[in-house]
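As a plain string of letters, each chain reads:
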Amino acid sequence: MSPTSETLTAERILEATEEVLRRHGPAKATVVDVARALGVSHGSVYRHFRTKAALREAVTKRWLDRATGMLAGIAEADRDPEARLRDWLAALFEAKRRKAGDDPELFATYTVLTGESVETVVEHLAELTGQLTRIVRDGTDAGAFTVADPAVAARAVFQATGRYHDPAYAREWEQPGAEAEFTAVVDLLVRGLRG
């Protein structure tokens, strides 16, 4: 059964868009392709997303939000801040590695789309560093970390671990020794936070 404009939702359009992007890549995927995949007119898609750019931005945000939501649970957990920090960084690294390894074509597509969606990426990075700030602040409040400004320290931790979550380094994530290097970096950062 093909969706009618009454049953067509933004979420269904985003799912179809992701599939079209996987199939055609960002350069060739069109709103018409998305509409065709859904069995509707392209006008039906435009009722939900006013432009192709808006659709691409929404699908990029959806992709980025998947990681953010999973990490939020770790950041908000009521347990040892050092363990939360280690788990949060490890989960981010693993999520990025899984995305790059499980579906390299779609990962490459989203790498292109994030370059187009600067505001969405800035919001995503702010959300991630906000989660880290919460962990560092909790650690400071508990006496586990000794930092003057948890937000500054959180941004430094995020930047220092960039090699393990920035898509520019994706080819290095499966190299021998990557896991050990990641652990060594996190150990060093935790020692620095302890003061």
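Residues numbered from 1 in each chain as written. Predicted model: local features only at pLDDT ≥ 70, side-chain atom pairs only at ≥ 80, totals over all residues. Heavy atoms only, no water.

**Comments concerning the overall build of the protein chain**
- A count of helical and extended segments in the protein chain gives 9 helices and 0 strands.
- Secondary structure elements in the protein chain, listed N-terminal to C-terminal, are α-α-α-α-α-α-α-α-α.
- Split into buried and exposed, the 195 residues of the protein chain put 44% on the buried side.
- A separation threshold of at least 6 residues defines the contact pool for the protein chain, and within that pool the share at least 24 residues apart is 68%.
- A total accessible area of about 10200 Å² is found for the protein chain, and carbon and sulfur atoms account for 54% of it.
- Side-chain charges of the protein chain comprise 26 positive and 30 negative groups, with the mean position of each set lying 4 Å from the other. (Helix = DSSP H or I, 4+ residues; strand = E, 2+ residues; numbered from the N terminus. Buried < 20%, exposed > 50% of the residue type's maximum accessible area, 1.4 Å probe, protein only. Contact = heavy atoms within 4.5 Å. Areas by Shrake-Rupley, 256 points an atom, 1.4 Å probe, with all protein chains shown as cover. Lys, Arg positive; Asp, Glu negative; His and termini not counted. Charge placed at Lys NZ, Arg CZ, Asp CG, Glu CD.)

**Side note on the nonpolar core**
- Ile13, Val34, Val45, Leu55, Leu85, Trp88 and Leu193 are the most contacted members of the largest nonpolar core, which has 51 residues in total.
- Counting residues per element, the ones that place at least two in this core are α1 (10-24), α2 (31-38), α4 (52-76), α5 (81-102), α6 (104-116), α7 (118-141), α8 (150-160) and α9 (178-194).
- Leave out the neighbours within four places in its chain, and Leu193 touches Leu85, Val136, Phe145, Thr146, Val147, Ala153 and Val157. (Core = buried A, V, L, I, M, F, W, Y, C linked by side-chain atoms within 4.5 Å.)

**Section: α7**
- The terminal C-alpha atoms of α7 lie 34 Å apart, and with 24 residues this matches the ideal 34 Å at 1.5 Å per residue to within 8%.
- At its buried positions, α7 is contacted by α4, α5, α6, α8 and α9.
- In the segment just after α7, Gly143 is the residue with positive phi, at about 85°. (Expected span 1.5 Å × (residues − 1).)

**Quick word on the packing of α8 against α9**
- Two elements in contact, α8 and α9, have axes whose closest approach is 11 Å; the angle formed by their N-to-C orientations is 165°. In terms of axis orientation, α8 runs roughly antiparallel to α9. Crossing handedness for the pair α8 and α9: right-handed. Counted together, Ala153, Val157 and Ala160 of α8 and Val185, Leu189 and Leu193 of α9 form the full contact between these two elements.
- When grouped by side-chain class, the residues that make up the contact of α8 with α9 number 6 nonpolar, no polar and no charged. (Axes fitted to C-alpha atoms, helices over the stretch in contact; angles between N-to-C directions. Parallel < 35°, antiparallel > 145°, perpendicular 65-115°, else oblique. Left-handed = near helix turned anticlockwise from the far one by under 90°. Nonpolar A, V, L, I, M, F, W, Y, C, P; charged D, E, K, R; others polar.)

**Focus on the confidence of the model for the protein chain**
- In the predicted model, the protein chain carries a mean pLDDT of 90, and the fraction of residues at 70 or more is 97%.
- The spread of mean pLDDT over the elements of the protein chain runs between α6, the lowest at 78, and α8, the highest at 98. (pLDDT = per-residue confidence, 0-100.)

**Focus on the packing of aromatic side chains**
- Inspection of every chain in the model, using the stated rule, returns 3 aromatic pairs.
- Considering the side-chain rings of Phe93 and Phe182, the 4.9 Å spacing of their centres and the 35° angle between planes classify their relative orientation as tilted. Taken as a pair, Phe93 in helix α5 and Phe182 in helix α9 lie far apart in primary sequence, 89 residues in all.
- Ring pairing ties together the aromatic residues Phe93, Tyr164 and Phe182, which thus form one cluster. (Phe/Tyr/Trp six-rings, centres within 6.5 Å; stacked < 30°, edge-to-face > 60°.)

**Structural notes on the pattern of salt bridges**
- Across all of its chains, the model carries 19 salt bridges by this definition.
- A salt bridge links Glu18 to Arg62, with the nearest nitrogen and oxygen atoms 3.4 Å apart. Here Glu18, found in helix α1, pairs with Arg62, found in helix α4; they are 44 residues apart in sequence, far enough to count as distant. We note that Glu18, like Arg62, is buried.
- Among the ionic pairs, Glu19 bridges to Arg22, the shortest N-O distance being 2.7 Å. Highlighted residues: Glu19 and Arg22, both in helix α1, separated by 3 residues, approximately one helical turn.
- Via salt bridges that share partners, Glu94, Arg97, Arg98, Glu174 and Glu179 belong to a single interconnected network. (Salt bridge = Lys/Arg side-chain N within 4 Å of Asp/Glu carboxyl O.)

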